[in-house]
Structures are given as structure tokens and as C-alpha cells.
Amino acid sequence: MADLSIELAGLRLANPLLSASGTFGHGVEMTPLVSFESLGGWVSKTVTAQPRAGNAMPRIHETAAGFLNSIGLENKGIDHYQEATLPSVLAERARHPHTIVVTNLGGHTAEEFAQLAQRLDEVEGIDAFEINLSCPNVDGGKLPYSTDPARAEEVMAGVRRVTQKPLFAKVSPNVTRVDEIAKGCEAGGADAITACNTLLGMAVDWRRGRPRLATGAGGYSGAGVMPVALRCAWQCAQAVAIPIIGCGGIRSAEDVMEFVAVGCAAVQVGTASFSDPSCLARMGQELSDLLDREGGRPLSEWVGTLEVPPQTPWRQTQERQTPGC
Ligand SMILES: Cc1cc2nc3c(=O)[nH]c(=O)nc-3n(C[C@H](O)[C@H](O)[C@H](O)COP(=O)(O)O)c2cc1C
């Protein structure tokens, strides 16, 4: 059987499949459907300092190829996360050392991100923090930390100062040059880049003259976003030396391998879990079978195997551009 285990930011994972934040419950709600150890990692929903009720309804709309959501980081805040959610997650973590626990953090200021990380820094069993620089559903979609490399760097550097835990920086596809944002995150001390969060999108009920989401626009995810997410992951992989975690539209082992080929060490799966909650476990088996059929090389040997000739026009265009153009 092909070896699916991977090394990510100094952590050993049973396989490269992680749940994507906000799509897999908050703690271990999914364990009746997916065994904890069948995943490489469990990522929490974004945890914020204060409880958040989220945005007004409707805040989910299904499109022809994915979801629009404007949940708005609904969560019960860090106190509740630490007291009520974490204990059962950490109990599972203790039994299964090769499934990592990642806490995704959301703040309004660089200081708030750092305070959240500091608060959880000493919690043994949280293996890494994912810094959500990129939620499109707060602050009217302004995305202050994921549209400016300097501000992304500032947030990551602030968090880096208060913790030695591995840091994943989750970036937004809603920018012209995601590679420049990734470089800012790396300069600030990120150990991996999660590429990427949802695309800004909208849907309208034209008969009623209303948007389908109460917020007007929201975040688009699922099958339709995969080509965009893949391009973002590829750009990031070329720009930074730290690992990339691909995320966006993944539904099958074939999809996983496209992200691996462009340079991703691991992937996250979100929207696909809504229609098939056990899809992550199924994909692990599919991935193993797929690699066996391809000769049984370990997954790690497939990372970054995409070859794009230097004369490829799009690649040349990217290299000629300077940041900010
Ligand atoms: C309903 C919903 C809620 C989400 N909540 C969060 C969240 O709290 N924090 C976060 O970083 N990303 C959140 N995301 C984004 C996902 O983690 C993921 O980046 C995105 O959906 C793209 O992956 P997918 O196409 O596999 O779903 C959410 C996505 C959906 C659909």
C-alpha cells in the first residue's frame, strides 16, 4: 500500500487530508460519520475572542457548482471553545498521535490574533494554529489582512512572537497576486500557507429583486472554485519555501493529486463534506488505491511534480510583473 503519511511544518500526519475550517463542525461532531484517525488533521471553525452570532439569514445558498455562504464566523468565543469543545477533541488526539489538531483563529486586529494564540499556546494537543486572514464575511468583505502583504506579515509576526506552535496562514483568492501575500506571511513567520479561503460571489432572486444572501455577497466554495484555488496554490508554491495546504473544491482523490502536483504537501476539504460527510475517509482510501495503481510511490514523491516550461506565456507574464502592478 502506498505511503500516504506526510511531514507538515515539523508535524507527522497519517495522510494529507485535513478538514477545512467551518465545514466539519467545531469539535468532534463528525466522529459518528468519520473516525478521527482517518484524517490527517482536524481544523476547528474559526475561534474569535468574543462570541459571534454571525450574519443575518439567509446565509447559505446552493449554486450549480458549490455554495455561497455568509455565515460570518458564528462561534461561541474562545472561553467556550477552551472549556467545552477542546477537551473531547484533545481526548481523541491523545489516542491518535498522527491526526493533528489545528485551531483556526480570527481577529479584528493584529493584537487580537496574537492574544488568541497566546491564550491557547500552552494547550498541549493543539498542534498548530491556522490564522484566518481571509474571511470575506466580516467587515463587509474588506479583507484587510489578506489583500496587503505588509499587513499579512504584521499579523503573522505578532502571532509568531507569542507561540512556537506551527502557524498556517490562510490566504484569500480575492487578490491579484496571492503569491505576494504568501511571501508576506512567510516573512512574518508562517510555517505553511493554506490556499485558499472562499471566493467573493453572489446570487440574486431577480423576481423579488433581492440578493440570495442577506449580506448581499458572500464566500463561494465547492466544485466551481477548484481551478481558481489550484492556480492560487500553484502561485504560492512557486513563491515561498514553506509548505502549501491546498483548499478549494476538492471532491476526489484525483482532485487531491492535482493539488499535490502543483506543490501542495497537504489539502483541506470543506464543501464536499456537506453532501457526503464521510467523503474525507473515502478519499483516503481512494488516494491509497490510486497511488497503488500508479506504481505505489509514496505520496510525498508526487509533491510538486508539475512541470511548466519556463517559456510558458502565463508564467513569463507573472515573472515580469512587479508587486503592486
Ligand atoms: C459554510 C462554510 C463555513 C466556513 N467557515 C469558515 C471559517 O469559520 N473559517 C475559515 O477559515 N474558513 C471557513 N470556510 C472556508 C473553508 O474552510 C474553505 O476554505 C472553503 O470553503 C474552500 O474549500 P471547499 O471548496 O472545499 O469548501 C467556510 C466555508 C463554508 C462553506
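Keep in mind it's a predicted model, so treat the numbers as computed, not measured.

With respect to the nonpolar core
Turning to step 1, where the next piece is worked out: Ranked by size, the top nonpolar core spans 87 residues in total, and within it Ile 131, Ala 169, Ile 193, Ala 195, Ala 233, Ile 245 and Cys 264 carry the most contacts.
Turning to step 2, where the next piece is worked out: For this core, the element with the most residues is helix α5 (residues 226-239), which contributes eight residues.
Turning to step 3, where the next piece is worked out: Among residues more than four places away in sequence, those in contact with Ala 169 are Ile 131, Leu 133, Ala 152, Met 156, Cys 185, Ala 190, Ile 193 and Thr 194.

Side note on the pairing of strand β7 (residues 100-105)
Turning to step 1, where the next piece is worked out: Among the six residues that make up β7, six are buried, leaving the element largely enclosed by the rest of the structure.
Turning to step 2, where the next piece is worked out: Of the two faces of β7, the one holding Ile 100, Val 102 and Asn 104 and the one holding Val 101, Thr 103 and Leu 105 are both buried throughout.
Turning to step 3, where the next piece is worked out: When strand β4 (residues 41-43) meets β7, the two strands line up parallel, connected through three bridges. Residue pairing across strands places Val 43 opposite Val 102, the latter belonging to β7.
Turning to step 4, where the next piece is worked out: In this sheet, strand β8 (residues 128-132) lies alongside β7 in parallel orientation, the contact comprising four bridges.

Some thoughts on the packing of helix α2 (residues 110-120) against helix α3 (residues 149-162)
Turning to step 1, where the next piece is worked out: The N-to-C vectors of α2 and α3 enclose an angle of 30 degrees; their axes lie 8 Å apart at closest approach. Looking at the two axes, α2 sits roughly parallel to α3. Taken as a pair, α2 and α3 cross one another with a handedness that is right-handed. For the pair formed by α2 and α3, the contact residues are Ala 110, Glu 111, Phe 113, Ala 114, Ala 117 and Gln 118 on the first element and Glu 154, Val 155, Gly 158, Val 159, Arg 161 and Val 162 on the second.

Comments concerning the site of the ligand
Turning to step 1, where the next piece is worked out: As a matter of local geometry, the ligand sits amid 27 residues, with Ala 20, Gly 22, Ser 221, Gly 270 and Thr 271 nearest to it.
Turning to step 2, where the next piece is worked out: For the shell around the ligand, the per-class residue count stands at ten nonpolar, 15 polar and two charged.

Structural notes on α3
Turning to step 1, where the next piece is worked out: A rise of 1.5 Å per residue sets the reference length of α3, with its 14 residues, at 20 Å; its end C-alpha atoms lie 21 Å apart and thus fit the reference within 8%.
Turning to step 2, where the next piece is worked out: Those residues of α3 that fall on the buried side of the exposure criterion are Pro 149, Ala 152, Glu 153, Val 155, Met 156, Gly 158 and Val 159.
Turning to step 3, where the next piece is worked out: Contact partners of the buried residues in α3: α2, β8, β9 (167-171) and α4 (178-188).

Observations regarding unusual backbone geometry
Turning to step 1, where the next piece is worked out: In this model, Met 57 is joined to Pro 58 through a cis peptide bond whose omega is -5 degrees.
Turning to step 2, where the next piece is worked out: Note on placement: Pro 58 falls in the loop between β4 and β5 (60-63).
Turning to step 3, where the next piece is worked out: With an omega of 15 degrees, the peptide bond between Ala 195 and Cys 196 qualifies as cis.
Turning to step 4, where the next piece is worked out: Note that Cys 196 resides in the loop between β10 (192-195) and β11 (199-201).
Turning to step 5, where the next piece is worked out: With phi around 60 degrees, Leu 73 is a residue other than glycine that occupies positive phi space.

Remarks on the sheet that holds strand β6 (residues 66-69)
Turning to step 1, where the next piece is worked out: The sheet built from four strands is open, its strands ordered β5-β6-β14-β11 with antiparallel pairing. At either margin of the open sheet sits one strand with a lone partner, and together these are β5 and β11. Ignoring which end each strand starts from, the neighbouring axes of this sheet average 35 degrees apart.
Turning to step 2, where the next piece is worked out: By the bridge criterion, three bridges tie β11 to strand β14 (residues 218-221) in an arrangement that is antiparallel. For Gly 201, the partnering residue across the bridge sits in β14 and is Gly 218.

Some words on the pairing of β14
Turning to step 1, where the next piece is worked out: The pairing of β6 with β14 spans three bridges and is classified as antiparallel. Within the sheet, the bridge partner assigned to Asn 69 lies in β14 and is Gly 219.

Conventions adopted
Residues numbered from 1 in each chain as written. Predicted model: local features only at pLDDT ≥ 70, side-chain atom pairs only at ≥ 80, totals over all residues. Core = buried A, V, L, I, M, F, W, Y, C linked by C-beta atoms within 7 Å. Buried ≥ 20, exposed ≤ 12 C-beta atoms within 10 Å, placed from the backbone. Helix = DSSP H or I, 4+ residues; strand = E, 2+ residues; numbered from the N terminus. Contact = placed C-beta atoms within 7 Å. Pairing = 2+ DSSP bridges. Axes fitted to C-alpha atoms, helices over the stretch in contact; angles between N-to-C directions. Parallel < 35°, antiparallel > 145°, perpendicular 65-115°, else oblique. Left-handed = near helix turned anticlockwise from the far one by under 90°. Near = placed C-beta within 6 Å. Nonpolar A, V, L, I, M, F, W, Y, C, P; charged D, E, K, R; others polar. Expected span 1.5 Å × (residues − 1).

What is shown is where atoms sit, not what they do.
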